[in-house]
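Inside the fold
Spelled out from the first residue to the last, the chains are:
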Amino acid sequence: MSPRDSAFTVSRGRTVLSAGADGFLRPRARCGLFVHETRLLSRWIYAIDGRRPQPVALSSVAQNSWLGYYILVPPGARSRAPGAGSRRATDPAQETLELRLSRVVGEGMHEDVELTNFSAQPTHCRLELQVDGDFADLDEADRSRARGATRRVWTPSKGEFGGALRLLHRARHRYAHSTEAGVATIQREWTLRIRRATPGPTFRRGRLRFDVRLRPREVWHACLRLIPRIDGKTLPVPLSCHAFLGEEPMDRQIRVFLSRATGFSGAEKSAISRSVFETVDRARQDLASLRLFDLDHGPDAWTVAAGVPMYVAIFGRDTLTAGLEAALLGPEMMRGTLKELPRWQGRVIDDWRDEEPGRMLHEAHTGPRKVLNFNPRARYYGSTTPSHSYAVALSQAWHWTGDRKLVERLVEPALAAMAWSDSYGDPNGDGFYEYQTHSEQGLRNQGWKDSGDAIVDRKGEQVETPIAMCEEQGLVYASKRQLSEVLWWLGRKKQARRLFREARELKKRFHERFWMENRGALAMALGAGGRRIDTIASNMGHCLASGIVDSRFVSRVARRLMQPDLFTGWGIRTLSSDNPAYNPFSYHRGSVWPVEQAIFVRGFVRYGLHDLAERLSRAFFEAAALFEFQRLPEVFSGHPRDREHPFPAFYPRANSPQAWSSSAAFSVIQSLLGLHPYAPRRAVLIDPHLPPWLPELTLSGLRVGRAVVTIRFFRRGQSSHYEVLKKRGTLHVVRRPSPWSPTAGFAERFKDAPSSGPPRR
């Protein structure tokens, strides 16, 4: 089983090419060549003498390349079948004119067009390409209503130069919102350069026409390069023909990362163990392919787009989560995201953008509607999660790298985000962190479940804002506790003690208000006026991972998550199926998110609930095995795993690849290995609990600080063991649970001061 939708999607950087099932582009939703969220190509359709060629094999080759084979009977071809006489050929598999299309995207597109005559007679045909661009924003691509004017210019061929088609689009918008007013303009254009086509084409009424004559076995080739120009900047385009294997600069940068990233190998003794290694291999490549090269902070510090095709932009919470969860691969994404987000950090009060001083960015888009300020999403702050989680990511960067200069540079943005949480994030001063938009176009819900209908009460009715989500309290708790440790290392002990005390007090308040003894669970949220929202949902699982759950209630919360109304067999639903608002297809009211499963596994392992961690991890990798390329999508349906539902359904607009679905695989592996780096002490703590279906796993080239180590983990009998196979640099590999985990028995150490890490060895 390999459920999929009907589109082909390839991408690189800010460019996404999404074609229909036949490989062609038509002006409909999510179909086209999008660069900076602008549909540069809305129509790209081939015909030969007015006939559509028959597709016989179409597939992506890599994330940024695609190949399609098409055939038809050559015009005028006669059958070679015995006794056919001069009868016209009708079977394209016997008398074949092959059209082969090779596409590679960079920040534009390179397409090689080849016609090969596999018939016994010469042929003469007219190859036609319908081509147009509507410059629609990704959000309006289903309506094709781009603002502004578009001009088309054709330059005829001359010599080897086969001509050029240029489309120029200009738009302006005078805007006035609650706190902003002005005039915004955009200039988006592209040039299609045609080379090696002899003779050169003509262009009329949106159609390029090539006159092609071929002898038997002769090949005709044309090279088409679509070069974008976005607001005055010309973007690079792949230059090499048939560059499937990656000869371009971006390809080389990706290869450098993959050569340094941690490798995963082991005995593949079962289908599920094969799924583990295939899933992590795909996830490594997908995270590298989502890199936003224009936001690089050097070769070792870069960030990623949230997902393809809808979220080719920076999202604060997505990129922080992806970098944090994929740190097992290496620190590049975490380091780049931590450096990038302070550039966008809120500086003023701007209600239209939900911006406030210190608040971390939710999303920054480059599409026409955003840049023209039809909506505030060119720079929008309506999420509490990135501000609440920035310090957690900074702490983990410290644990993985021990880079004091990096931490000293970024600790102030972390403190500013925390100051925002304590002031603007708690406007009523009740000690809990809530959200409420101030923008007429802002997000109604601003926790991790940010769709407009996500937060419902026990009766399935919408909860009015302001809302204090349980998982956001957990994030603030984790941020204060973990940032206190970083400050302690930096010698800022007074601040460290204050944050640690505040975290401890928050945990106490949290259980007084959120614990529901009668339901054996945590409330999803507090609504207006502090009303407890006693909905059973996945949110409480995040609280296990953050550590805010009181140890007395951990087992009850964890096992509640694994009851059939939440656990489908493929993963834990966002909302209980017993809730009247449950819908297995809804974005946040019954679907399954791979990123959440990794968070829950981490929470289970934190408290030593290895039986639950093993069960959920297995479901995670078995779900991955269902999808094309072993690639977990952004989200899938919450149908139960039973005889009537042998596989789950797609969420109709799910992104794939998606950054935090890819990173989730590495987080699950790290949890199963109980692996916690502590670079400041040149140590890595491990506490492996490999399940029977994953009896062996080797991490090759794991980087902790300046050290590089290869460790083999394996099961012997009912227990898990390890051996260090190779090591470069000083690194102490210590078998012990993380000092942050209550299972380590270090609770007494945390009464008055944050952890200073494991002892020197």
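It should be noted that the structure appears before, not after, this text.
Residues numbered from 1 in each chain as written. Predicted model: local features only at pLDDT ≥ 70, side-chain atom pairs only at ≥ 80, totals over all residues. Heavy atoms only, no water.

1. Comments concerning the overall build of the chain
Helix and strand content of the chain: 14 helices and 32 strands. For the chain, whose C-alpha radius of gyration is 28 Å, the value lies close to the compact-globule estimate of 27 Å for 761 residues. Projecting the C-alpha coordinates of the chain onto the three principal axes gives extents of approximately 90 × 65 × 55 Å. Counting all 761 residues of the chain, 63% fall into the buried class. Counting contacts in the chain only where the partners sit at least 6 residues apart, residues at least 24 apart contribute 64% of the total. A total accessible area of about 28,500 Å² is found for the chain, and carbon and sulfur atoms account for 48% of it. Separation between the mean location of the 113 positive side-chain charges and that of the 81 negative ones in the chain comes to 4 Å. (Helix = DSSP H or I, 4+ residues; strand = E, 2+ residues; numbered from the N terminus. Rg over C-alpha atoms; globule rule 2.2 N^0.38 Å. Buried < 20%, exposed > 50% of the residue type's maximum accessible area, 1.4 Å probe, protein only. Contact = heavy atoms within 4.5 Å. Areas by Shrake-Rupley, 256 points an atom, 1.4 Å probe, with all protein chains shown as cover. Lys, Arg positive; Asp, Glu negative; His and termini not counted. Charge placed at Lys NZ, Arg CZ, Asp CG, Glu CD.)

2. Thoughts on the packing of aromatic side chains
Taken as a whole and judged by the stated rule, the model has 23 aromatic pairs. Each ring, one from Tyr587 and one from Trp593, has its centre 4.9 Å from the other, and the planes form 70 degrees; the classification is edge-to-face. Ring plane angle 80 degrees and centroid distance 6.3 Å describe the contact between Trp593 and Trp660, whose orientation is recorded as edge-to-face. A residue pair is termed long-range when its members are at least 10 positions apart, and Trp593 in the loop between α11 (554-561) and α12 (594-606) and Trp660 in helix α14 (residues 659-673) qualify at 67 residues. By the burial criterion, Trp593 is buried, and Trp660 matches it. Here a set of aromatic residues connected by ring pairs shows up, and it is made of Trp448, Tyr587, Trp593, Tyr651 and Trp660. In this structure, Arg103 packs its charged tip against the face of Trp66, placed 4.4 Å from the ring centre. (Phe/Tyr/Trp six-rings, centres within 6.5 Å; stacked < 30°, edge-to-face > 60°. Lys NZ or Arg CZ within 6 Å of the ring centre and 35° of its normal.)

3. Some thoughts on the pairing of strand β31 (residues 719-728)
Each regular strand shows side chains that alternate between the opposite faces of the sheet. With 9 bridges connecting them, strand β30 (residues 707-716) and β31 associate as antiparallel partners. Of the residues in β31, the one forming a bridge with Arg716 is Ser719. Remark: 2 residues form the turn of the hairpin made by β30 and β31, two consecutive strands paired antiparallel; Gly717 in that turn has positive phi of roughly 70 degrees. (Pairing = 2+ DSSP bridges.)

4. As for the pattern of salt bridges
Applying the stated criterion to the full structure yields 48 salt bridges. A salt bridge links Asp22 to Arg26, with the shortest nitrogen-to-oxygen separation between them at 2.8 Å. Across the pair Asp453 and Arg589 runs a salt bridge, and its minimum N-O distance is 2.8 Å. Separated by 136 residues along the polypeptide, Asp453 in the loop between α7 (404-423) and β22 (468-469) and Arg589 in the loop between α11 and α12 bring together distant segments of the chain. Taking relative accessible area as the criterion, Asp453 reaches 30% and is therefore assigned partly exposed. For Arg589, a relative accessible area of 14% translates into the label buried. Three or more residues are tied together by salt bridges with common partners; here these are Asp137, Asp139, Glu363, Lys370 and Arg377. (Salt bridge = Lys/Arg side-chain N within 4 Å of Asp/Glu carboxyl O.)

5. Considering the environment of Ser289
Checked against the element boundaries, Ser289 lands in helix α2 (residues 271-289). Put simply, Ser289 and Ser119 are 170 residues apart on the chain and 40 Å apart in space, counted from C-alpha to C-alpha. When sequence neighbours within four positions are dropped, the list of residues in contact with Ser289 reads Arg12, Gly13, Gln63 and Ile254. Within the structure, the side chain of Ser289 is placed 2.8 Å from the backbone oxygen of Asp286, a separation counted as a polar contact. (Polar contact = N/O pair within 3.5 Å; in protein donor to acceptor, adjacent residues only side chain to side chain.)

Any functional reading would require information beyond the geometric quantities listed.
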